[in-house]
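# Summary of the model geometry
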Amino acid sequence: MAQKPSGMHVEDIKAALRKKYGSLAALSRHLGKNPNLVSTTISQPGHSVLMEREIAAILGKRPYEVWGPGRFHADGSPVRTRVDRTPTCPLPDAHRQNGAAA
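Fair warning: this is a prediction, and the values are worked out from it, not measured in the lab.

### A closer look at the environment of Gly46
Relative to the helices and strands, Gly46 resides in the loop between helix 3 (37-43) and helix 4 (49-58). Residue Gly46 is classed as partly exposed on the basis of its relative accessible area of 29%.

Right under this line is the structure:
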């Protein structure tokens, strides 16, 4: 049975970047970014889609190949990670102190 591509393992991503730049902080500085940005991007999905794409380019892969279906669709568009907070029904005025919107 064929297995879905799951992207690279986080430690493999870190190892490949460290082989090229020495440390994740050194890569961040090389790119002119905050020293923690690469590390944060790897550990927190959706923190910086631009940096995820940059890391994939540095590794010579497409974002879907590096991050897998949890972060990117096969067409290269990012998977939405934020929850839609739109209420499904109107709240009664009794929920508001003076009946007006905040």
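### Some points on helix 1 (residues 10-21)
The end-to-end C-alpha distance of helix 1, which contains twelve residues, comes to 16 Å, matching closely the 16 Å that a straight helix rising 1.5 Å per residue would cover. With its phi angle positive at about 90°, Gly22 sits one or two positions after the end of helix 1.

### So, the environment of Ser39
Its location among the elements puts Ser39 in helix 3. Residue Ser39 is classed as partly exposed on the basis of its relative accessible area, which comes to 34%. Residues Ser39 and Ser28, eleven residues apart in the sequence, show an inter-C-alpha distance of 8.6 Å.

### Looking at the nonpolar core
Formed by 16 residues in total, the largest nonpolar core has its most connected members in Ile13, Leu17, Val38, Ile42, Ile55 and Trp67. Elements with a minimum of two residues in this core: helix 1, helix 2 (24-30), helix 3, helix 4 and helix 5 (63-67). No other element matches helix 4, which puts four residues into this core.

### Some words on the side chain of Ser28
The residue Ser28 is located in helix 2 in this model. In this structure the side chain of Ser28 is engaged in a polar contact, spanning 3.2 Å, whose partner is the backbone nitrogen of Val38. In contact with Ser28, not counting residues within four places along its chain, are Lys33, Asn34, Pro35, Asn36, Leu37 and Val38.

### Focus on helix 4
Those residues of helix 4 not exposed but buried are Met51, Glu52, Ile55, Ala56 and Ile58. Here the buried residues of helix 4 occupy an arc of 160° about the axis, which is enough to place them on one side. Among the exposed residues of helix 4, those oriented more than 90 degrees off its buried face are Leu50 and Ala57. Those residues of helix 4 hidden inside the fold are in contact with helix 1, helix 2, helix 3 and helix 5. Immediately downstream of helix 4, the backbone of Gly60 shows phi near 75°, a positive value.

### Thoughts on the side chain of Arg71
With respect to the helices and strands, the residue Arg71 is situated in the segment after helix 5. Within the structure, the side chain of Arg71 is placed 2.7 Å from the backbone oxygen of Ile42, a separation counted as a polar contact.

Criteria and cut-off values
Residues numbered from 1 in each chain as written. Predicted model: local features only at pLDDT ≥ 70, side-chain atom pairs only at ≥ 80, totals over all residues. Heavy atoms only, no water. Helix = DSSP H or I, 4+ residues; strand = E, 2+ residues; numbered from the N terminus. Buried < 20%, exposed > 50% of the residue type's maximum accessible area, 1.4 Å probe, protein only. Expected span 1.5 Å × (residues − 1). Core = buried A, V, L, I, M, F, W, Y, C linked by side-chain atoms within 4.5 Å. Polar contact = N/O pair within 3.5 Å; in protein donor to acceptor, adjacent residues only side chain to side chain. Contact = heavy atoms within 4.5 Å. Arc of directions from axis to C-beta.

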